[in-house]
Amino acid sequence: MTSPELKLKQLPSWQQELGQLMTDPAELVHHLKLGRQWLAPAIAAAKLFPLRATRSYVQRIAPGRPDDPLLRQILPLQAELKTDKGYSADPLGEQRANPVPGLIHKYHGRVLLVAAPQCAINCRYCFRRHFDYKSNTPSRQQWQQAIDYIRQHPSIDEVILSGGDPLVLADKPLAWLVEQLASIQHVQRLRIHSRLPIVLPQRLTAQLLSLLQHNRMHCVVVVHCNHPKEINDEVASALLSLKHHGLTTLNQSVLLKGVNDCSSTLVDLSKRLFELGVLPYYLHALDKIVGAAHFEVAEPEIKNLYRSLLRELPGYLVPKLVREVQGAQSKVAISCD
Ligand code: SF4
């Protein structure tokens, strides 16, 4: 078991890190010694979906290794310029489930609130890489419409803060939002979907942890980690801090070709997360978003991988294997029988 008191080096504040993201493909290619052939495609693909990555994340990538599993998640590639059959700009049909700006209501009992229009990292496979953030840019006025909608629908007992990434919000607007939601008696659970504990672990400040711990709702944090190499000492410490504040913490991963399509990687990931107080929750098949087809793992391979996880891990460490299907009332389990 890892000690919660890991000795951490002095890090920049999360706001400083967020202000110094790596956004220039030339800097990434040069910094990681990738060779000039990677530059022109990276520039072209970044025009469609910009490069964004925290410096802390980039430091975890091995230089001179274009196949590094962390690099593959952030490096814009020529393959993103293709439109493959079966891939679309809105594979989950979110635009049709958008009753008021900034709110997605697809499933019974829960809604998703777009709390922030950007992330600290742009994952190249992101299912919202073409999301209309311009019409869904959060502001207090827009949140008010969403809050009114939630207040008028007593069947909603869970609100998911998503984005973008809700934790790129400063504490003050986030605290306002949490307070507003806590004032709606039928909202029992607040779920925070965030990749920041993995890519910008300094974000889990004492103030934020206290906000999540001390409110009327039961708070669940769902992090997004795809590979054990993403978990350095700072991330480990951040995840343990969630546990020590009594926050239920789950992980969702996306199964990605060339990143984590290997049973030993997924087994190691589940075990490491559990050491840090995080339960594996979902393993998602790729959403068919234009520009991400090169990450797709073929269905028979998905099933073989999953059978290996079932053999090698105790049941509570096996994430549910699911895919999103447009129009379905929940995520759909992929059967491996
Ligand atoms: S952190 Fe999540 S929402 Fe943001 S780019 Fe990555 S997958 Fe998309």
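Residues numbered from 1 in each chain as written. Predicted model: local features only at pLDDT ≥ 70, side-chain atom pairs only at ≥ 80, totals over all residues.

A.B. asks: Break down the nonpolar core for me, citing the residues and quoting the values.
C.D. replies: Considering soluble globular proteins, one finds that nonpolar side chains tend to be buried as a cluster. Counting 84 residues, the largest nonpolar core has Leu113, Ala120, Ile121, Val159 and Leu239 as the members making the most contacts within it. Counting residues per element, this core draws most heavily on helix H10 (residues 233-244), at 6 residues. Looking at which domains feed residues into this core, each of domain 1 (14-81) and domain 2 (94-333) gives three or more. Filtering out sequence-adjacent residues up to four positions away, Ile121 remains in contact with Arg52, Ala53, Thr54, Tyr57, Ile74, Arg195 and Val199. (Core = buried A, V, L, I, M, F, W, Y, C linked by C-beta atoms within 7 Å. Buried ≥ 20, exposed ≤ 12 C-beta atoms within 10 Å, placed from the backbone. Helix = DSSP H or I, 4+ residues; strand = E, 2+ residues; numbered from the N terminus. Domains from an automatic or database assignment. Contact = placed C-beta atoms within 7 Å.)

A.B. asks: Can you tell me about the environment of Leu310, naming the residues and giving the values?
C.D. replies: Inspection of the secondary structure puts Leu310 in helix H12 (residues 299-312). For Leu310, a count of 13 C-beta atoms within 10 Å gives the class partly exposed. On a C-alpha basis, the gap between Leu310 and Pro138 in space is 41 Å, while along the polypeptide they are 172 residues apart.

A.B. asks: A description of the site of the ligand should follow, citing residues and the corresponding values.
C.D. replies: In the vicinity of the ligand, the contacting residues are Cys119, Ile121, Asn122, Cys123, Cys126, Arg128, Gly163, Asp165, Arg195 and His224. By residue class, the composition of the shell around the ligand is 4 nonpolar, 3 polar and 3 charged. (Near = placed C-beta within 6 Å. Nonpolar A, V, L, I, M, F, W, Y, C, P; charged D, E, K, R; others polar.)

A.B. asks: Tell me what's going on with the pairing of strand E6 (residues 248-254), and back it up with residues and numbers.
C.D. replies: When strand E5 (residues 218-224) meets E6, the two strands line up parallel, connected through 5 bridges. What sits directly across from Val222, in E6, is Leu250. Each parallel crossover has a hand, and for E5 linked through H10 to E6 it is right-handed. Bridge analysis of E6 against strand E7 (residues 279-284) gives 5 bridges, and the strand direction is parallel. The residue bridging Leu250 from the neighbouring strand is Leu279, located in E7. (Pairing = 2+ DSSP bridges. Right-handed = clockwise from strand over helix to strand, strands pointing away.)

A.B. asks: Talk me through the sheet that holds strand E3 (residues 158-162); I want residue IDs and the actual numbers.
C.D. replies: Pairing in this open sheet of 9 strands is mixed, and the strands run E1-E2-E3-E4-E5-E6-E7-E8-E9 from one edge to the other. In the strand order of this sheet, the two ends are held by strand E1 (103-107) and strand E9 (332-333), each with one partner.

A.B. asks: Could you give an account of the packing of helix H7 (residues 171-182) against helix H9 (residues 206-213), naming the residues involved and the relevant values?
C.D. replies: H9 packs onto H7 with a crossing angle of 5° between their chain directions and a minimal axis gap of 11 Å. Judged on the interaxial angle alone, H9 and H7 are roughly parallel. Contact residues: Asp171, Leu174, Ala175 and Val178 in H7; Gln207, Leu208 and Leu211 in H9. Residue composition of the contact of H7 with H9, by class: 5 nonpolar, 1 polar and 1 charged. (Axes fitted to C-alpha atoms, helices over the stretch in contact; angles between N-to-C directions. Parallel < 35°, antiparallel > 145°, perpendicular 65-115°, else oblique.)

A.B. asks: Let's hear about the pairing of E7: which residues, and what values?
C.D. replies: As for the winding sense of the linkage, the β-α-β connection from E6 through helix H11 (residues 263-275) to E7 is right-handed. With 3 bridges joining them, E7 and strand E8 (residues 320-323) adopt parallel strand pairing. By the bridge assignment for E8, Tyr282 is matched with Lys320.

A.B. asks: Summarise unusual backbone geometry; cite the residues concerned and give the values.
C.D. replies: Leaving glycine aside, a negative phi is the common case for residues, and trans is the common case for peptide bonds. Here the amide bond leading from Gly163 into Gly164 is cis, since omega sits at 20°, within 30 degrees of zero. A positive phi is found at Lys33, a non-glycine position, where the angle reads about 50°. Tracing the sequence through the fold places Lys33 in the loop between helix H2 (25-31) and helix H3 (39-48).

A.B. asks: Before we move on, could you go through the domain arrangement of the protein and cite the residues and values that matter?
C.D. replies: Many authors give the size of an interface as the accessible area that is lost as the parts come together. Segmentation of the protein into domains returns domain 1 (14-81) and domain 2 (94-333). When each unit is reduced to the centre of its C-alpha atoms, the spacing between domain 1 and domain 2 is 23 Å. Domain 1 puts 24 residues into the contact, and the matching count from domain 2 is 23 residues. Elements supplying a minimum of two residues to the side of domain 1 that touches domain 2: helix H1 (14-19), helix H4 (55-59) and helix H5 (71-74). Tallied by class, the residues present in the side of domain 1 that touches domain 2 amount to 15 nonpolar, 3 polar and 6 charged.

A.B. asks: Describe the packing of H11 against H12, listing the residues and the values that go with them.
C.D. replies: Where H11 contacts H12, the two axes come as close as 9 Å, and the packing angle between them is 45°. With respect to H12, the axis of H11 lies oblique. Classified by chirality, the crossing of H12 by H11 is right-handed. Between H11 and H12, the contacting residues are Ser263, Leu266 and Val267 on the first element and Leu305, Ser308, Leu309 and Glu312 on the second. Residues that form the contact of H11 with H12 fall into these classes: 4 nonpolar, 2 polar and 1 charged. (Left-handed = near helix turned anticlockwise from the far one by under 90°.)

A.B. asks: Account for H7, naming residues and giving values.
C.D. replies: Taking 1.5 Å per residue as the helical rise, H7 with its 12 residues ought to reach 16 Å, and the 16 Å between its terminal C-alpha atoms agrees with that figure. All of the buried residues in H7 are Leu174, Leu177, Val178 and Leu181. Axial view of H7: buried residues confined to an arc of 100°, hence all on one face. The exposed residues of H7 that point more than 90 degrees off its buried face are Lys172 and Glu179. (Expected span 1.5 Å × (residues − 1). Arc of directions from axis to C-beta.)

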